[in-house]
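Summary of structural features
So the chains spell out like this:
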Amino acid sequence: MAGSTNRSWDQIDRPEARPWDAPPQGLVVDRIACDGYGMCAELLPELIDLDDWGYPMIRPGGVPDALLDHARRAVAVCPVLALRLARDARR
Ligand code: SF4
């Protein structure tokens, strides 16, 4: 059947094929790469605290939609690319 829009079970089972139940994005810090200057916490204090040594501590629960643009900005300014947004923030 040419032009069919039916999807196979393989396609349906992939997370990107199920955007309606995708988990919220969360912030992930590469603790090896992070230099601890805290620029991300200055831009996103709602979700990022600094520990006693100046390293970021991400609040659990993912990034609310209202803060996604701020989170993207915090990711963009990280000078060592240690901060990223991920669907599965446990990684
Ligand atoms: S901006 Fe990047 S390097 Fe600086 S504290 Fe945040 S994650 Fe670490």
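See the structure shown above.
Residues numbered from 1 in each chain as written. Predicted model: local features only at pLDDT ≥ 70, side-chain atom pairs only at ≥ 80, totals over all residues.

Turning our eyes to something else, we now look at the site of the ligand. Taken together, 13 residues form the shell around the ligand, and within it Cys 34, Met 39, Cys 40, Cys 78 and Leu 83 come nearest. For the shell around the ligand, the per-class residue count stands at ten nonpolar, two polar and one charged. (Near = placed C-beta within 6 Å. Nonpolar A, V, L, I, M, F, W, Y, C, P; charged D, E, K, R; others polar.)

For the rest of this paragraph, the subject is the environment of Ala 71. By secondary structure assignment, the location of Ala 71 is in helix H3 (residues 68–77). The spatial distance from the C-alpha of Ala 71 to the C-alpha of Gln 25 is 9.8 Å, given a sequence separation of 46 residues. The contacts of Ala 71, once residues within four sequence positions are left out, are Leu 27, Leu 44, Leu 47, Val 63 and Leu 85. (Helix = DSSP H or I, 4+ residues; strand = E, 2+ residues; numbered from the N terminus. Contact = placed C-beta atoms within 7 Å.)

Leu 27, Cys 40, Leu 44, Leu 47, Ile 48, Val 63, Ala 71, Ala 74, Cys 78 and Leu 83 form the largest nonpolar core, which has ten residues in total. Excluding its chain neighbours within four sequence positions, the residues that come into contact with Ile 48 are Cys 40, Ala 41, Pro 56 and Ile 58. (Core = buried A, V, L, I, M, F, W, Y, C linked by C-beta atoms within 7 Å. Buried ≥ 20, exposed ≤ 12 C-beta atoms within 10 Å, placed from the backbone.)

Right, let's talk about the environment of Val 28 for a bit. Structurally, Val 28 is set in strand S1 (residues 26–29). On the basis of neighbour counts, which here come to 17 C-beta atoms within 10 Å, the residue Val 28 falls in the partly exposed class. Through-space distance from the C-alpha of Val 28 to that of Arg 84 is 5.4 Å; in sequence the pair is 56 residues apart.

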